[in-house]
Amino acid sequence: MSEQTAPSETPKMSTFGFRDVEAKEKVNLVHGVFKNVAAKYDLMNDVMSVGVHHLWKDAACAKLNPQPGEVIIDCAGGTGDIARRLSKLARAAKARRGGKDAEIRIIDYNQAMIEAGIQKGSEPEITWSVGDAMNLAIADNSVDAYIISFGIRNVADVQVALNEAKRVLKPGGRFFCLEFSHPTTGLVESGYEFYAFNVIPFMGQMIANDRDSYQYLVESIKRFPDQETFRGMMDKAGFRRTGYTNFTGGVCALHYGWA
């Protein structure tokens, strides 16, 4: 009788730009990308979007509408752009209504991004920590709101990250995802695609001396699920009353739902 061996487990696959890679490899590759771009990350965002990303972030934070005493997760919070907006909005609400300070927790997988953010200064409501969007060290049903901005396409398994966001939110908690998406008209799509693939990597080389990282970023945007597909993934995670708002003709979209 021949010796039997257990069947080998098929590796979990993910995407890294236009490449298909093992999920574990993607984690390491993405970590390397953001370690490389951390120092010039905010400058490149301003240049690439001609400053429009500030308007998208302002709209997302206004929609989240932070309140005094709330616990809010800014997942993949990077250098703190979103968290600083939320802290100021929460402080203004506290000045009007009274109550406790909000608690805004920045969680990012990359230590270099966290350090770049801390160097820019912080706010009293903000805490910083390294963590994994797919495995948050946070108790079930303990968070009032969760936002992830331009980060979810970089995780190894988007559905797992959505499931984890749902797990930590209290019943009725708000989920928001601001992410590059898919243009809604052919004219916007053709213009944006030319800009993304021809201009952004070039600017990455000129400003950050790193063409490859920005080539990955534009490829990752192209392969990210479209608005309706991503909304379906949110529904699968258990969110209710899901929807989205397109910005700049669908170049960016704000998805939202409730736990």
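We now turn to the structure provided with this report.

The rules behind the values
- Residues numbered from 1 in each chain as written.
- Predicted model: local features only at pLDDT ≥ 70, side-chain atom pairs only at ≥ 80, totals over all residues.
- Heavy atoms only, no water.
- Helix = DSSP H or I, 4+ residues; strand = E, 2+ residues; numbered from the N terminus.
- Buried < 20%, exposed > 50% of the residue type's maximum accessible area, 1.4 Å probe, protein only.
- Contact = heavy atoms within 4.5 Å.
- Pairing = 2+ DSSP bridges.
- Axes fitted to C-alpha atoms, helices over the stretch in contact; angles between N-to-C directions.
- Parallel < 35°, antiparallel > 145°, perpendicular 65-115°, else oblique.
- Left-handed = near helix turned anticlockwise from the far one by under 90°.
- Core = buried A, V, L, I, M, F, W, Y, C linked by side-chain atoms within 4.5 Å.
- Phe/Tyr/Trp six-rings, centres within 6.5 Å; stacked < 30°, edge-to-face > 60°.
- Lys NZ or Arg CZ within 6 Å of the ring centre and 35° of its normal.

## Notes on the overall build of the chain
So, point 1. Broken down by element type, the chain carries 10 helices and nine strands.
So, point 2. Looking at the chain as a whole, 51% of its 259 residues are labelled buried.
So, point 3. Nonlocal contacts in the chain, meaning residues at least 24 apart in sequence, comprise 70% of its contacts between residues at least 6 apart.

## As for the pairing of strand β7 (residues 169–180)
So, point 1. For β7, the tally of buried residues reaches nine of 12 residues, placing the bulk of the element in the interior.
So, point 2. Relative to β7, strand β6 (residues 143–149) is paired through six bridges, and the arrangement is parallel. Within the sheet, the bridge partner assigned to Val143 lies in β7 and is Leu169.
So, point 3. With seven bridges joining them, β7 and strand β9 (residues 252–258) adopt antiparallel strand pairing.

## Some thoughts on the sheet that holds β9
So, point 1. Within the open sheet, the seven strands sit side by side as β5-β4-β3-β6-β7-β9-β8. Their pairing is mixed. The outermost strands of the open sheet, each flanked by one partner alone, are β5 (126–130) and β8 (240–247). Direction aside, the axes of adjacent strands within the sheet are offset by 15 degrees on average.

## Comments concerning the packing of helix α6 (residues 158–168) against helix α10 (residues 227–237)
So, point 1. Relative to each other, α6 and α10 sit at 50 degrees, their axes nearing to 9 Å. Classified by the angle between their axes, α6 and α10 sit oblique to one another. For the element pair α6 and α10, the recorded crossing hand is right-handed. Contacts between α6 and α10 pair Val158, Gln159, Leu162, Asn163 and Lys166 from the former with Phe230, Met233, Met234, Lys236 and Ala237 from the latter.

## Describing the nonpolar core
So, point 1. With 36 residues, the main nonpolar core has Trp56, Leu64, Leu86, Ile147, Leu178, Phe180 and Ile200 as its most contacted residues.
So, point 2. With five residues, the top contributor of residues to this core is helix α9 (residues 211–223).
So, point 3. Contacts of Phe180, omitting those with residues within four sequence positions, involve Trp56, Phe150, Arg153, Tyr192, Ile221, Phe224, Val251 and Cys252.
So, point 4. With 26 residues, the next largest nonpolar core counts Val71, Val143, Tyr146 and Phe224 among its residues.

## So, the packing of aromatic side chains
So, point 1. One pass over the structure, following the stated rule, counts seven aromatic pairs.
So, point 2. Aromatic side chains Trp56 and Phe180 sit 6.0 Å apart centroid to centroid with 85 degrees between the ring planes, which places their arrangement in the edge-to-face category. Here Trp56, found in helix α3 (residues 52–64), pairs with Phe180, found in strand β7; they are 124 residues apart in sequence, far enough to count as distant. The pair Trp56 / Phe180 is uniform in exposure class, with both members buried.
So, point 3. With a centroid separation of 6.2 Å and 75 degrees between ring planes, the pair formed by Tyr256 and Trp258 is classed as edge-to-face.
So, point 4. Taken together, the ring pairs connect Trp56, Phe150 and Phe180 into an aromatic cluster.
So, point 5. Seen from the ring of Tyr256, Lys63 lies directly overhead, with NZ or CZ sitting 4.6 Å from the centre.

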